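Examination of the molecular architecture
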Amino acid sequence: MAPRMSRLVTFGVLFFAAIAVGLLPPREPQRPRPRPLPRTVDRATRQLRDAVEHLELLTLRDSIIDLVRTGNVPFNDSLAFLIDPGLTLHHDSVIRGLVTPVWRRVSQGRPRVRVVVVVDVDTSAVYRGVEVSGMRTRIDHVVPEVTDGSTCVAGVKLGRVDARRVAEGGSFRPSLVERIRDRTLGPCAYYAAFGMPGPRLRSWLSERQYLPASGTAWVNDPIASPDPRYAGWLDGLHFALVGCAAGDARRCREMRYGLPGEDRLPVRWAGFGVEGVAVGASEYSSWRDPLGPFQRSYFAAMVAHYGREQFERFWTSDAPLDDAFLAATGESLDDWTMRWTRADFGASMRGAKLRPVSVLLSLVIAGVLVGSAGLLSRFRQAV
């Protein structure tokens with residue numbers, strides 16, 4: 001193609017492209033992003049949501065205990081299901097099939113308490129103008145001390161996403177299936193297997209929303225594995241957990257008795273806590289807890305490692321935690337906490353990882369670069 005013809009084709013393409021661009025409809029103005037709520041308003045909203053969740057659970061407790069006293073709860077091997085009639089028979093059988101084998105394994109045919117599993121669909125989306133129901137499914141628990149002394153309540157409230165999927169005839173998501181199987185019984189499993197905990201342990205668990213006693217995987221001993229399950233993942237965790245993994249026994253004690261946010265600025269709002277009531281939302285605020293985001297395995301790993309008999313002596317002891325654990329296992333709770341932390345995250349390094357000479361050289365190079373950039377900026381401004 002001749003050079004002139006080539007230029008004509010190119011200019012023609014550009015001309016028609018310009019016309020096409022000019023004929024495009026105008027872009028819709030971007031909507032300004034909503035400004036985040038002031039911190040005080042956000043905190044108040046969270047507190048309201050927390051309070052509503054606790055009140056709903058207390059109301060559920062009262063209604064369930066009334067049914068138990070009148071004999072209207074169909075127990076089978078001390079386990080009963082009350083499932084929302086809006087769910088299909090298929091979903092009903094799936095839930096029973098997920099929870100019942102776990103119950104048989106933990107209770108071993110000799111349950112110390114009864115457990116009522118209530119499966120409900122979350123419909124309370126707004127309370128006085130504030131959204132209080134969640135998109136996710138929540139699993140809550142009420143322990144026997146605040147019911148009738150012999151009944152534990154486990155509530156599974158399907159969130160809006162899962163409820164919509166069920167209403168459309170779909171199946172449970174794999175992640176929801178796993179949660180129902182592994183977390184429905186929660187602390188109720190420990191009450192069924194080992195009876196009532198000692199008063200010191202009960203108080204300690206209540207402060208932590210019973211999360212350390214919410215895992216029911218008692219068959220796998222993480223201490224026996226040579227490889228940590230979450231190796232290298234220490235970024236963003238509580239400082240006490242990192243220090244305990246590094247071998248500092250004092251930080252291991254801080255893990256057990258510390259509360260969320262003590263190592264940095266407060267990261268949690270004032271909760272609406274009720275003794276004996278564990279709202280499942282609390283597990284999502286456990287990232288900054290001293291025991292870390294996987295604290296639900298703290299007691300589960302203990303049962304798997306020491307066995308049910310030794311753990312029951314610890315669980316039912318009236319002594320303080322450290323003394324009770326030492327008497328039951330012959331080992332200190334500091335050592336156990338350190339081994340459990342390392343089984344999860346590995347042994348982190350203590351002290352500086354870089355030599356002083358390397359640090360000094362890096363600072364000098366950084367200073368030279370920053371100074372050169374400043375001089376160059378001043379020179380260009382002068383010109």
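Residues numbered from 1 in each chain as written. Predicted model: local features only at pLDDT ≥ 70, side-chain atom pairs only at ≥ 80, totals over all residues. Heavy atoms only, no water.

It is worth spelling out helix 6 (residues 187-194) at this point. Residues spaced three or four apart along an α-helix point in a common direction, a consequence of the helix completing one turn every 3.6 residues. With respect to burial, helix 6 is a largely interior element, 8 of its 8 residues being buried. Looking at helix 6, one finds that the buried residues are Pro187, Cys188, Ala189, Tyr190, Tyr191, Ala192, Ala193 and Phe194. At its buried positions, helix 6 is contacted by helix 3 (89-107), strand 2 (114-121), strand 5 (138-142), strand 6 (151-158), helix 10 (298-306) and helix 11 (308-316). (Buried < 20%, exposed > 50% of the residue type's maximum accessible area, 1.4 Å probe, protein only. Helix = DSSP H or I, 4+ residues; strand = E, 2+ residues; numbered from the N terminus. Contact = heavy atoms within 4.5 Å.)

This next bit is on the state of the cysteines. By the definition in use, this model includes 2 disulfides. Here Cys244 pairs with Cys252 through a disulfide, and the sulfurs are 2.0 Å apart. Residues Cys244 and Cys252 are joined by a disulfide whose S-S torsion is about 90°; by sign, that bridge is right-handed. Here Cys244 and Cys252 have matching classes, each one buried. If one numbers only the bonded cysteines of the chain, in the order they occur, the disulfide pattern is 1-2, 3-4. (Disulfide = S-S within 2.5 Å.)

Spatially, 5 strands are ordered 1-2-6-5-7 in an open sheet, and the strand pairing comes out mixed. Strands with a single pairing partner mark the edges of an open sheet, and in this sheet they are strand 1 (79-83) and strand 7 (277-278). Two strands pair when backbone bridges link them, and strand 5 and strand 6 are joined in this way by 5 bridges, in the antiparallel orientation. Bridging across to strand 6, Asp140 finds its partner in Gly155. (Pairing = 2+ DSSP bridges.)

Residues with a pLDDT of 70 or more make up 70% of the chain, whose mean pLDDT is 79. Predicted confidence is poor over residues 126-130, with pLDDT under 50, and the contacts of this stretch with residues over four places away or in other chains come to 8 contacts. Taken together, the stretch residues 349-354 has pLDDT below 50 and engages in 5 contacts with residues farther than four places along the chain or on a different chain. (pLDDT = per-residue confidence, 0-100.)

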